[in-house]
Amino acid sequence: MFPVPCSLFPDSGRGPQGRVQNRAHRALSVRAGDVDRAEGLLRIAQRRAERTDRVQSGLHSEATAGGKLFKEVHNIFGGNLRLIIVGGAPVNPDILKFFQDIGLICVQGYGLTECSPILALNRDVIFKNHSAGIPARGVDVKILNPDDDGIGEFIAKGPNIFLGYYKDPENTAAALDADGYYHTGDIAWKDEDGYFWYVSRIDDVIKSSGYRIGPFEIENVIMELPYVLECGVSAAPDEVRGQVVKASIVLVPGTEPTDELKKEIQNYVKQKTAPYKYPRIVEFKDELPKTISGKIIRKEL
């Protein structure tokens, strides 16, 4: 059997939510004999997705149309899958768009265990694939001490926020301020439509020549290159700039790790983002350090 994950939140498996997710995993299992057929149909969907030039917002009607066109794919995965919500880490928008193009509404949200667990979420009717979404109903979300670009710490207050860490008053006091706002330790910015855009963990932010650079943006751009299998971006100390962007990259097997390839990657990031964001250090590695859940351990890069 090949389980299809419905959620990447780390607290599945225990309690009512975990039981629901486990049932969903079982309901969405497909037989090994169906995999080849599914992959063939998904390749067709991929080609269709590549031909579609759609803005990064979606409507339910578009997903419904895709569902009719790719009904056979839907049937392989149970036929009743209506919505996929992804969390745990920012998702490459191209992945979300692919599922939307074949008629499966797939959006991302943002949350933490301390927030039970959602703070912001893209809705199934209208969404922005690059963003973490808009605040959950009844939750007051703010950007604390924003800089000139509007980037600051993501803080929140509401009925879903935890009361504190069990028998740990010191960490509770550090996380909850006097007004009851939970300080997430993440930085983000808010757009004119009220959508929040995740940048990074505070500890992961790269501070270079006065700029604050989030690693996820650079990773997503590098992952667009066909010869890149995995990528982790981190900060490296620099005497002049304070820090510079460093990219640790695992190449697709058979790709030669040359200096010319490093320059190509650097130029690509310059063109797709901004000159100050490109990785001044590029290292090719056999594998990247990860947690049990598969997240890259940046401090070990």
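Residues numbered from 1 in each chain as written. Predicted model: local features only at pLDDT ≥ 70, side-chain atom pairs only at ≥ 80, totals over all residues. Heavy atoms only, no water.

> Sorry, what's going on with the sheet that holds strand E7 (residues 182-190) here?
The strands that make up a sheet pair up through hydrogen bonds in the backbone, lying either parallel or antiparallel. Across the sheet, 4 strands lie side by side as E5-E6-E7-E8; this open sheet has antiparallel pairing. Every other strand in the sheet has two partners, leaving strand E5 (140-144) and strand E8 (196-201) as the edge strands with one partner each. Taken pair by pair, the neighbouring strands of this sheet meet at an average axis angle of 45°, ignoring direction. As defined by bridge partners, E7 adjoins E8 across 5 bridges and the pair is classed as antiparallel. From the neighbouring strand, Lys190 faces E8, where its bridge partner is Phe196. (Pairing = 2+ DSSP bridges. Helix = DSSP H or I, 4+ residues; strand = E, 2+ residues; numbered from the N terminus. Axes fitted to C-alpha atoms, helices over the stretch in contact; angles between N-to-C directions.)

> Can you walk me through the environment of Gly87 in this structure?
Mapping Gly87 onto the fold places it in the loop between strand E1 (83-86) and helix H5 (93-101). The buried category is assigned to Gly87, whose relative accessible area is 2%. Between the alpha carbons of Gly87 and Ala132 there is a distance of 9.0 Å; along the sequence they are 45 residues apart. (Buried < 20%, exposed > 50% of the residue type's maximum accessible area, 1.4 Å probe, protein only.)

> Teacher, can you tell me more about the nonpolar core here?
Residues Ile218, Ile222, Tyr227, Val228, Val233, Ile249 and Ile265 are the most contacted members of the largest nonpolar core, which totals 19 residues. Listed by contribution, the elements that provide at least two residues to this core are helix H7 (215-222), strand E11 (228-238), strand E12 (242-251) and helix H8 (259-272). Ranked by the residues each element gives to this core, the list is headed by E12, at 4 residues. Leaving out residues up to four positions away in the same chain, Val228 has contacts with Ile222, Met223, Ile249, Val250 and Val252. Judged by nonpolar contacts, the second largest core, of 18 residues, contains Ile143, Phe154, Ile161 and Phe196. (Core = buried A, V, L, I, M, F, W, Y, C linked by side-chain atoms within 4.5 Å. Contact = heavy atoms within 4.5 Å.)

> How should H7 be read in this particular structure?
Two residues of an α-helix separated by three or four positions point the same way, owing to the 3.6 residues in each turn. Within H7, 6 of the 8 residues are buried, leaving the element largely enclosed by the surrounding structure. Residues of H7 that are buried include every one of Pro215, Phe216, Ile218, Glu219, Val221 and Ile222, and no others. Looking at the buried residues of H7, the elements they touch are E8, strand E10 (211-213), E11, E12 and H8.

> Is there a simple way to think about the sheet that holds E12 in this case?
The strand order E11-E12-E13 describes an open sheet built from 3 strands, whose pairing is mixed. Of all the strands in the sheet, the pair left with one neighbour each is E11 and strand E13 (281-284). Going from strand to strand, the sheet's axes swing by 25° on average, the running direction of each strand aside. Sheet strands touched by H7: E11 and E12. Its angle to E11, the strand with the most contacts, is close to 140°. Helix-sheet contacts for H8 involve E12 and E13, and the interaxial angle to E13 is about 130°.

> Is there a simple way to think about the packing of aromatic side chains in this case?
In this description, a pair of aromatic rings is defined by centroid distance and the angle of the planes. Within this structure, the stated rule accounts for 9 aromatic pairs. Residues Tyr110 and Phe154 carry aromatic rings whose centres are separated by 4.6 Å and whose planes lie at 40° to one another, so their mutual orientation is tilted. Here the residue Tyr110 occupies a position in strand E2 (residues 105-111), and Phe154 occupies one in strand E6 (residues 152-157), the gap between them amounting to 44 residues. Accessibility assignment for this pair places Tyr110 and Phe154 in one class, buried. Summarising the aromatic geometry, the rings of Tyr110 and Tyr198 are spaced 6.0 Å apart at their centres and angled 35° between planes, so their arrangement reads as tilted. With a gap of 88 residues between them, Tyr110 in strand E2 and Tyr198 in strand E8 connect regions that are remote in the sequence. Here the aromatic residues Tyr110, Phe154, Phe196, Tyr198 and Phe216 are joined through ring pairs into a cluster of three or more. Here the guanidinium or amino end of Lys270 rests over the ring plane of Tyr278, the centre of that ring lying 4.4 Å away. Positioned above the aromatic ring of Phe216, the side-chain terminus of Arg298 is 4.8 Å from the ring centre. (Phe/Tyr/Trp six-rings, centres within 6.5 Å; stacked < 30°, edge-to-face > 60°. Lys NZ or Arg CZ within 6 Å of the ring centre and 35° of its normal.)

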